[in-house]
Amino acid sequence: MTETDEEKIKKLQEKYESMGQDINAYLDGLLLSNYLTYWDYIHLDTLLTLQNPKTDYPDEQIFIMYHQITELYFRLSLHELEQISMNGKEIGDNGHDLGWRETLTADFLVARLKRINSYFEALTKSFEIMVQGMEKDQFLKFRMALLPASGFQSAQYRMIEISSTPMERLVAKAARVQAGEKDERSIEEQFEHIYWKQGATELATGAKTLTLKQFEAKYSEKLLQMAKAYLDKNVWVKYRELSDADQQRPDLIQALRQLDVNVNINWPLMHYKSAVRYLASKEGDAPATGGTNWQKYLPPRLQLRVFYPELWSEEELKHWGKVWVEEVLAESVTTKSSDG
Ligand code: HEM
């Protein structure tokens, strides 16, 4: 036995003793247990049973799986957002969880924001799988079996927003306080005016859509709890708690601005592009499964959702999402004529 092995056994003994455990029993367990396999670790068999189409159209599988892929990237983003909000985890040399760190460092914040940005950039790029990757005729058929479900009901998407910015920034444009004024409303009031509740009202009656009612019944309480919990630990608050010098770091400002663009312009625009490709037609646009007035609801230029307005000039805010929208609309005219 080499010196290193002895050292390791000693460390193991210390580890188990510190918890009042007998290392011998654990060594028996190690002798008897099976080797780990990839498929068990990744839960591959379970993962591959999670695609259950509602119709026989083959392209529905693409629709389901791409949504699932997106939700996993959202999960990754939320994992990093939690790390930011809690200052990052301290793990001891022996692998023990030593709890959250006392303070957030600018380096950690930049590194984690960059990760989230890379997830959203992967999603934005891969959205072509939705935009061009299904037969329009199949999509228009199988979507009718999915009513009233809609990606609108993605709770993780709403959680990413809540962890990234103060709630007042998520209030619908028409219900926001004037720039420079303080929003004195309670978190509950702001939540009532959140942009997506306003977006999901039936045009004719002003009543809430069924899609929204069901979403609220399942998630309102959880989202409100989260909004309260993140009042003093969302990304903006964490950034503002850094020293003045750290707040001026160009790489940090760049990472925050990039997050704003990724979540509030680039991803929404690729998503909007799919809606245009599948739902727009010369004969009149198809209604969305979630019942929103999607042509007015989805474009970032009209929503003007901005996580960090302080980091943008007035001029930049005035043109929020515009260039892109024009590009998407221009392409949609071409698509419409080639589809037709
Ligand atoms: C062919 C593909 C897609 C089309 C045509 C489409 C269409 C729509 C439409 C029309 C809406 C507005 C709400 C409604 O009335 O239903 C919406 C919302 C939404 N969809 Fe999709 N969608 C597609 C793919 C996806 C994918 C892959 C995701 C990933 C999870 C997704 C996530 C969302 C989210 C988060 C919203 C809410 C956006 C907001 O509130 O600003 N969608 N979608």
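Here's what I pulled together on the structure shown here. (Residues numbered from 1 in each chain as written. Predicted model: local features only at pLDDT ≥ 70, side-chain atom pairs only at ≥ 80, totals over all residues. Heavy atoms only, no water.)

Coordination of the iron atom of the ligand by the protein involves just one donor, H271 (NE2), at a distance of 2.0 Å. Tracing the chain through its elements places H271 in helix α15 (residues 250-279). (Donors = N, O, S within 2.8 Å, 3.2 Å for Na, K, Ca; no water. Helix = DSSP H or I, 4+ residues; strand = E, 2+ residues; numbered from the N terminus.)

Quick look at the pairing of strand β2 (residues 97-100) now. Pairing of strand β1 (residues 89-91) with β2, which is carried by two bridges, proceeds in the antiparallel orientation. Pairing of K89 across the sheet is with W100, part of β2. The hairpin turn running from β1 into β2, its antiparallel successor, is five residues long, and G95 in that turn takes a positive phi close to 85 degrees. (Pairing = 2+ DSSP bridges.)

Counting residues in hydrophobic clusters, the biggest one holds 75 residues, and the most contacted among them are L113, W196 and W294. Residue contributions to this core peak at 15 residues, all from α15. Setting aside residues no more than four positions away along its own chain, L113 makes contact with I84, V235, L252, A255, L256 and L259. (Core = buried A, V, L, I, M, F, W, Y, C linked by side-chain atoms within 4.5 Å. Buried < 20%, exposed > 50% of the residue type's maximum accessible area, 1.4 Å probe, protein only. Contact = heavy atoms within 4.5 Å.)

It is worth spelling out helix α9 (residues 155-164) at this point. Burial within α9 is extensive, with ten of its ten residues counted as buried. Inspection of α9 places A155, Q156, Y157, R158, M159, I160, E161, I162, S163 and S164 among the buried residues, and these make up the whole buried set.

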